[in-house]
Amino acid sequence: MYEWKKLIQLVVDEIDECIRNHDDEALTLGALSKKLGYSEFYTTRKFGEISGMSLREYIQKRKLAFALKEVRDSEKSLLSVAVDYGFSSNEAFTRAFKKVYGVTPSCFRKDPNPVVLRTKIHPFDRYFLGLGEIGMIKSQDNVKTYFVTIPEHKFLHIENRESNGYWDFWKKQAEIPGQDCETICGLLASIKGKLDDLGGDEDNCTAGQIMAYINDPTGRLCDWGFLRTECYGARLPADYSGPVPENMILSDIPEGEYVVFEHGPFDYEQECRTVEEKIEKAMKDFDYAEKGCELDLTPGRIMYFYYDPGKFFKYIRPIKRT
């Protein structure tokens, strides 16, 4: 099964590449199954077993996710967007869009309320599958440590006081109606103006989404020795006045000073755990007193965790000067 998950991951990556390049000829079942070297029937069957949906349904929803961002962010005509993403007419595009999102493209452009996008699936994840890293270390970057002042902003998120780490967080959220990973990531992906969404890359639907840990006397005692509540969400401008999904929280985060522990780009499969250990050691060994500060454990102060293997792995911890 692991081998098939890897093969389906190749198909998933190819689907996004084809959509981004508007290459409908390479996006057919025949072309995708040929790339794997299996029959169309077998490819379709395996894709369904692994993803829980048909290949056709997945492709259409990913096309619509790409198209929605064009509707939201560009000034292209709706007909141009429809043609770019393989719809035969504006009417066909409108029907498909409304069926999935409950609103027409024109209405969404005028009033872009959050909707659940079909984020890219990742059927083969070494850590989720319990395989760990391959261990062929490439990057030799040391962890950089520096101070930043983060301006006032808002944080739109969900939270869990009982979870312990990323995978456990989503496992527990899956038990809460409307708070599973697919729904929350899909909602956040549809919101415009996220502060950490630095390029609007259509194939990275979780761009601008981050984990966070809020100091919370009612939260869980973490490995670092303080009480926290784990969160997942997106930073938004301080003047954000858009809609807030009913299953999410919008918090005001005041301007504050932070210390950053950052590692550069790395290979996820080969060295994720090693890089994480480097970061954890750097945080453990950091001498706050020598730098004239201390970790700020005031209730409500927030720590952000940024994770993008192609760019960086970093923790941003709140401090106060002594």
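Residues numbered from 1 in each chain as written. Predicted model: local features only at pLDDT ≥ 70, side-chain atom pairs only at ≥ 80, totals over all residues. Heavy atoms only, no water.

A few words on helix α6 (residues 90-101). Spanning 12 residues, α6 covers 16 Å between terminal C-alpha atoms, matching the ideal 16 Å at 1.5 Å per step. Looking at α6, one finds that the buried residues are A92, F93, A96, F97 and Y101. An end-on view of α6 places all buried positions within 135 degrees of arc, on one side of the element. Residues E91, R95 and K99 are exposed on α6 and point more than 90 degrees away from its buried face. (Helix = DSSP H or I, 4+ residues; strand = E, 2+ residues; numbered from the N terminus. Expected span 1.5 Å × (residues − 1). Buried < 20%, exposed > 50% of the residue type's maximum accessible area, 1.4 Å probe, protein only. Arc of directions from axis to C-beta.)

Its place among the elements puts Q140 in the loop between α7 (105-110) and β1 (144-150). Taking the relative accessible area as the measure of exposure, Q140 reaches 59% and is therefore exposed. For Q140 and R109, which are 31 residues apart along the polypeptide, the C-alpha to C-alpha distance reads 46 Å.

In this section: the packing of helix α2 (residues 29-36) against helix α3 (residues 40-51). The axes of two packed helices give the description: the angle between them and the distance between them. Between α2 and α3, whose axes approach to 9 Å, the crossing angle comes to 90 degrees. Relative to α3, α2 is oriented roughly perpendicular. Contacts between α2 and α3 involve L29, G30, S33 and L36 on the former and, on the latter, E40, T43 and T44. Of the residues in the contact of α2 with α3, the class split is two nonpolar, four polar and one charged. (Axes fitted to C-alpha atoms, helices over the stretch in contact; angles between N-to-C directions. Parallel < 35°, antiparallel > 145°, perpendicular 65-115°, else oblique. Contact = heavy atoms within 4.5 Å. Nonpolar A, V, L, I, M, F, W, Y, C, P; charged D, E, K, R; others polar.)

For H22, which is not glycine, the phi dihedral falls at a positive 55 degrees. The residue H22 is located in the loop between α1 (2-20) and α2 in this model.

This brings us to the pairing of strand β9 (residues 312-321). Every regular strand shows the same layout, with side chains that alternate between the two sheet faces. Burial runs high along β9: eight of the 10 residues are buried. Where strand β6 (residues 256-263) and β9 come together, six bridges link them in antiparallel fashion. From the neighbouring strand, H263 faces β9, where its bridge partner is F313. Examined bridge by bridge, strand β7 (residues 293-295) and β9 share three bridges and lie antiparallel to one another. Each bridged residue has a counterpart across the sheet, and for C293 the counterpart in β9 is R321. As consecutive antiparallel partners, strand β8 (residues 302-308) and β9 are separated by three residues. (Pairing = 2+ DSSP bridges.)

On to the side chain of R301, then. Relative to the helices and strands, R301 is located in the loop between β7 and β8. A distance of 3.4 Å separates a polar side-chain atom of R301 from the backbone oxygen of I319. In contact with R301, not counting residues within four places along its chain, are Y213, I214, N215, G256, E257, Y258, D296, P318 and I319. (Polar contact = N/O pair within 3.5 Å; in protein donor to acceptor, adjacent residues only side chain to side chain.)

To continue, consider the pattern of salt bridges. Enumeration over the complete set of coordinates arrives at 27 salt bridges. One salt bridge in this structure joins E159 and R161, with 3.3 Å as the shortest N-O distance. Overall, R161 belongs to the partly exposed group, its relative accessible area being 37%. Ionic pairing is found between R273 and E276, a salt bridge with its closest N-O pair at 2.9 Å. Highlighted residues: R273 and E276, both in helix α10 (residues 268-285), separated by three residues, approximately one helical turn. Residue classification places R273 among the partly exposed residues on the basis of a relative accessible area of 32%. The network of salt bridges with common partners includes R273, E276, E277 and E280. (Salt bridge = Lys/Arg side-chain N within 4 Å of Asp/Glu carboxyl O.)

The N-to-C vectors of helix α4 (residues 55-73) and α6 enclose an angle of 100 degrees; their axes lie 11 Å apart at closest approach. Compared by their axis directions, α4 and α6 come out roughly perpendicular. The residues of α6 that touch α4, namely those facing Q60, K61, L64, A65, A67, L68 and V71, are F93, A96, F97, V100 and Y101. Tallied by class, the residues present in the contact of α4 with α6 amount to 10 nonpolar, one polar and one charged.

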